[in-house]
Amino acid sequence: MREYKLELENLLPLLSEVRQQGVLSTLFIHGINGLQMPCIAQIGLRDGQAMRCRIVAEDGEVCASGNKALRLLYGLGPRNWHLDIQPSTPPLIASSSASLHSSSTTGPISVATQFSLRVPHRSLLANPDTMKRLSRLQKRVFLLVDGMRNVGKIAVLMSIQDEKKAEKAVLELEALGFIAF
């Protein structure tokens, strides 16, 4: 077993580079996302890619799974992560309760979710001349880019129902050289 104290958004790319296999987990003693009881987050890795993700409560109830669970885990800051290494077999997340038998997702976490978890930073200063070149949506996105918020959080802060609009604005800003990853 290996231990890491990192933000998940930094840990997953690191594990991806070395094509790590296994189950990555962390414990939330005081709960997460409104759940007041202890729970554990588990991410199954195959060749460094997140294949399964879920958050399981102390009583065995699955609180969140798949992309939703992964989104909840991003942006929580440094945590103590434990990696149970499985050299060549596909990772299976062991259930903490006998009543849990279903897999939360199959296949890698979607590309759209991986993009929405990326964190952009500004590469140009916001001055009146540069801001004139942007559409209203691009200006709103640019002002929310702080080097700490991921694309998904920016979409939530903007109250954009369709996250694709925020992603499109981010890609446009990147193409214009206003932001970078």
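Rules behind the numbers
- Residues numbered from 1 in each chain as written.
- Predicted model: local features only at pLDDT ≥ 70, side-chain atom pairs only at ≥ 80, totals over all residues.
- Heavy atoms only, no water.
- Buried < 20%, exposed > 50% of the residue type's maximum accessible area, 1.4 Å probe, protein only.
- Helix = DSSP H or I, 4+ residues; strand = E, 2+ residues; numbered from the N terminus.
- Arc of directions from axis to C-beta.
- Contact = heavy atoms within 4.5 Å.
- Phe/Tyr/Trp six-rings, centres within 6.5 Å; stacked < 30°, edge-to-face > 60°.
- Pairing = 2+ DSSP bridges.
- Axes fitted to C-alpha atoms, helices over the stretch in contact; angles between N-to-C directions.

Draft legend 1. Here's a closer look at helix 1 (residues 8-17). All of the buried residues in helix 1 are L8, L11, L12 and L15. For helix 1, the buried positions fall inside an angular range of 100 degrees around the axis, keeping them on one side. Buried-residue contacts for helix 1 involve strand 1 (2-6), strand 2 (22-28), strand 3 (39-46), helix 2 (66-73) and strand 6 (79-85). In the stretch just after helix 1, R19 is the one whose phi turns positive, near 50 degrees.

Draft legend 2. The packing of aromatic side chains, seen in detail. Using the criterion set out here, one finds 1 aromatic pair in the structure. When the centroid spacing of 5.6 Å and the interplanar angle of 90 degrees are considered together, the rings of F142 and F178 count as edge-to-face. Residue F142 is found in helix 5 (residues 136-144), and its partner F178 is found in the loop between helix 7 (163-176) and strand 8 (179-180); the two are separated by 36 residues along the sequence. Accessibility expressed as a relative area gives 0% for F178, which makes it buried.

Draft legend 3. Representation of the sheet that holds strand 4 (residues 49-57) within the structure. Strand order in the open sheet made by the 6 strands is 1-6-2-3-4-5, with antiparallel pairing throughout. Both edges of this open sheet fall to strand 1 and strand 5 (62-65), since each of them pairs with a single strand only. Adjacent strand axes in the sheet meet at a mean angle of 25 degrees when their direction is disregarded. Contacts from helix 1 reach strand 1, strand 2, strand 3, strand 4 and strand 6 within the one sheet, and its direction differs from that of strand 1 by about 135 degrees. Packed on one face of the sheet, helix 2 meets strand 2, strand 3, strand 4, strand 5 and strand 6 and runs near 80 degrees to strand 4.

Functional significance is not addressed by these values, which are geometric in nature.
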